[in-house]
Amino acid sequence: MGAWSTKIFDNDFTMDIITEYKILLGYGISPEETYEKIYGYFAKDFIGKDNEDDFWLGIALYQWKNGILIDEVRENALRCMDDGQYLERWKESGEKVYQKRKKVLEEFKDKLLHEVNPRKKKFPKCPAYYREKTDWKVGDLIAYKMTQKPYEGKYNDDDANKVSMTKRKLRNEYFLLRVIDIEKRPVSHICPDLDFASEALVMLYDWHGKDVPSPDLVGSLDFIPFVMGVEEKILDKSGKFLEVPFCVQKLGSAVMLSKEQGGAEVCETIVLENDIKFIHSFPRLWLEHPYYRRHCPSQLNYTLAQTYTGFDYKKEFYFFTDRQ
């Protein structure tokens, strides 16, 4: 069922619906229009199906909590709760879980029948990370400095200890990243033109050092893969599966890179130059496949440490030709 508890919101399908609901309302779309858009986008996947109750109950609970309950939604939610077939599914998870779900539905039904909440006047905008935009541009050369305080303890794994030692050695050193592309992601699937988030796709030059280098240095440098310890299997143009290294990393806003969510400093970044040739073509090492890793700075720091620890991953890697 895709559920992780017996609560109405606690399943994958309902959370997808409610996430879109919150986004649209947060951008100032009226509750009435938002419901129409939600229904038009999601209803076909639920109405008449064995999980139709997830659709009506989730919307009803959200509307009820915010004082925007529509009669059509209320009546369909009550219908689903009165229809025992939807509750019956929960018996597959055992009697204890079944009884918990039954109690949840009884309590919610009582609220729908007897309680009315005041209409909410203003809805908060979706979290910043949904709409965070990078301020880097394609072609930017980034001097990336690892400033994160390393973990001083020991791990149970020898490879982890080697990476940790490398992180300590590389702290306060600069690395060179090139922004190869900018990926835009709509904030809403229902209204893709409403707003977007963007992330920079970067590649790594084979260099690190204590001082900020001259941009001219890159003329003598090659790109290298990020050593992730894991390789993705992808299809080449002939349909053959190939193992490839991760050569591209996905990073969010350069402004927000300097601090983690908790405020700990993990890196510094400086834009050294912009080379427009990267706007028109990709480097040979560019791998166009859907498995780029999205990294926060601390994860990128760990990946850089893995890359320069000296692990020996000798495979016959396949690289796509230049894309014009």
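Our structure is the block above this text.
Residues numbered from 1 in each chain as written. Predicted model: local features only at pLDDT ≥ 70, side-chain atom pairs only at ≥ 80, totals over all residues. Heavy atoms only, no water.

Caption draft 1: Geometry of helix α6 (residues 95-114). In this model α6 runs 29 Å from its N-terminal to its C-terminal C-alpha over 20 residues, within 8% of the 28 Å that 1.5 Å per residue would give. Here α6 has its buried residues at Y98, R101, L105, F108 and L112. Mapping the buried residues of α6 onto a view down its axis gives an arc of 100°, with all of them on the same face. Seen from the buried face of α6, the exposed residues on the opposite side, beyond 90 degrees, are K96, K103 and H114. Considering only its buried residues, α6 is in contact with α3 (52-65), α4 (71-82) and α5 (84-88). (Helix = DSSP H or I, 4+ residues; strand = E, 2+ residues; numbered from the N terminus. Expected span 1.5 Å × (residues − 1). Buried < 20%, exposed > 50% of the residue type's maximum accessible area, 1.4 Å probe, protein only. Arc of directions from axis to C-beta. Contact = heavy atoms within 4.5 Å.)

Caption draft 2: How the structure looks around the pairing of strand β2 (residues 174-186). Both strand β1 (residues 140-146) and β2 contribute to a ladder of 5 bridges, which runs antiparallel. When the bridges of β2 are listed, Y144 appears paired with F175. Pairing analysis gives 11 bridges linking β2 to strand β3 (residues 196-209), with the strands arranged antiparallel. Bridging from a neighbouring strand, I182 pairs with A200 of β3. (Pairing = 2+ DSSP bridges.)

Caption draft 3: Spatial organisation of the nonpolar core. Of all hydrophobic cores here, the largest spans 37 residues; its most connected members are I17, F55, I59 and F108. When contributions to this core are tallied by element, the ones reaching two or more residues are α1 (12-26), α2 (31-42), α3, α4, α5 and α6. Here the element with the most residues in this core is α3; it accounts for 8 residues. (Core = buried A, V, L, I, M, F, W, Y, C linked by side-chain atoms within 4.5 Å.)

Caption draft 4: Summary view of empty space enclosed by the protein. With the rule as written, the count across this model stands at 1 cavity of 30 Å³ or more. When its volume is computed, the largest cavity comes out at roughly 40 Å³. Considering the residues around the largest cavity, the lining is formed by 10 residues, among which A3, N11, D54, W90 and R101 are closest to the centre. Here the lining of the largest cavity is composed, by residue class, of 4 nonpolar, 2 polar and 4 charged. (1 Å grid on protein atoms, 1.4 Å probe; cavity = no way out; pocket = protein on both sides within 12 Å on 5 of 7 lines; lining within 4 Å. Points joined across faces, edges and corners; volume = space filled by probe spheres on them. Nonpolar A, V, L, I, M, F, W, Y, C, P; charged D, E, K, R; others polar.)

Caption draft 5: Summary view of α4. Under the 1.5 Å per step criterion, the end-to-end length of α4 is 16 Å for 12 residues, consistent within 8% with the ideal 16 Å. Along α4, the residues that are buried comprise V73, N76, A77, L78, C80 and M81. Next to the buried residues of α4 lie α2, α3, α5 and α6.

Caption draft 6: Region of interest: the packing of α3 against α4. Here α3 crosses α4 at 130°, and the two axes come no closer than 8 Å. By the criterion of interaxial angle, the relationship of α3 to α4 is oblique. Judged by the twist between their axes, the crossing of α3 over α4 is left-handed. Of α4, the residues touching α3 (which contributes E52, D53, W56, L57, I59, A60 and Q63) are E72, V73, N76, A77, R79, C80 and M81. (Axes fitted to C-alpha atoms, helices over the stretch in contact; angles between N-to-C directions. Parallel < 35°, antiparallel > 145°, perpendicular 65-115°, else oblique. Left-handed = near helix turned anticlockwise from the far one by under 90°.)

Caption draft 7: Quick look at the pairing of β1. The element β1 is extensively covered by neighbouring structure, given that 7 of its 7 residues are classed as buried. Burial of the side chains of β1 extends over both faces: D140, I142, Y144 and M146 are buried on one face and L141, A143 and K145 on the other. Two elements, β1 and strand β8 (residues 267-274), share 7 bridges in a ladder whose sense is antiparallel. Across the sheet, residue K145 finds its bridge partner in β8, namely E268.

Caption draft 8: The arrangement of the pattern of salt bridges in detail. Summed over all chains, the structure comprises 11 salt bridges. For the salt bridge of D195 with K133, the shortest nitrogen-to-oxygen distance reads 3.0 Å. Residue D195 is located in the loop between β2 and β3, and its partner K133 is located in the loop between α6 and β1; the two are separated by 62 residues in the primary sequence. Of the charged contacts in the structure, one is a salt bridge between K210 and E173, with a shortest N-O distance of 3.9 Å. Highlighted residues: K210 in the loop between β3 and β4 (223-224) and E173 in the loop between α7 (158-170) and β2, separated in sequence by 37 residues. (Salt bridge = Lys/Arg side-chain N within 4 Å of Asp/Glu carboxyl O.)

Caption draft 9: Spatial organisation of the packing of aromatic side chains. Going through the model one piece at a time under the given rule, you end up with 11 aromatic pairs. Ring centres 4.9 Å apart and planes at 80° place the aromatic pair Y41 and F42 in the edge-to-face group. Taking relative accessible area as the criterion, F42 reaches 9% and is therefore assigned buried. Centroid distance F55 to W56: 4.9 Å. Interplanar angle 80°. Geometry classified as edge-to-face. Taking relative accessible area as the criterion, F55 reaches 0% and is therefore assigned buried. An aromatic cluster is built from F13, Y35, Y39, F46, F55 and W56, whose rings are joined through pairwise contacts. The positively charged end of K44 is found above the aromatic ring belonging to Y41, 5.2 Å away from the centroid. For the cation-ring pair, K133 lies above F196, with the distance from its terminal atom to the ring centre recorded as 4.9 Å. (Phe/Tyr/Trp six-rings, centres within 6.5 Å; stacked < 30°, edge-to-face > 60°. Lys NZ or Arg CZ within 6 Å of the ring centre and 35° of its normal.)

Caption draft 10: Inspection of the environment of K122 at higher detail. Positionally, K122 belongs in the loop between α6 and β1. Exposure remark for K122: the relative accessible area of 70% places this residue in the exposed category. As for K122 and N66, which are separated by 56 residues in sequence, their C-alpha atoms are 9.9 Å apart.

In short, the description is geometric, and any link to function would need to be established separately.
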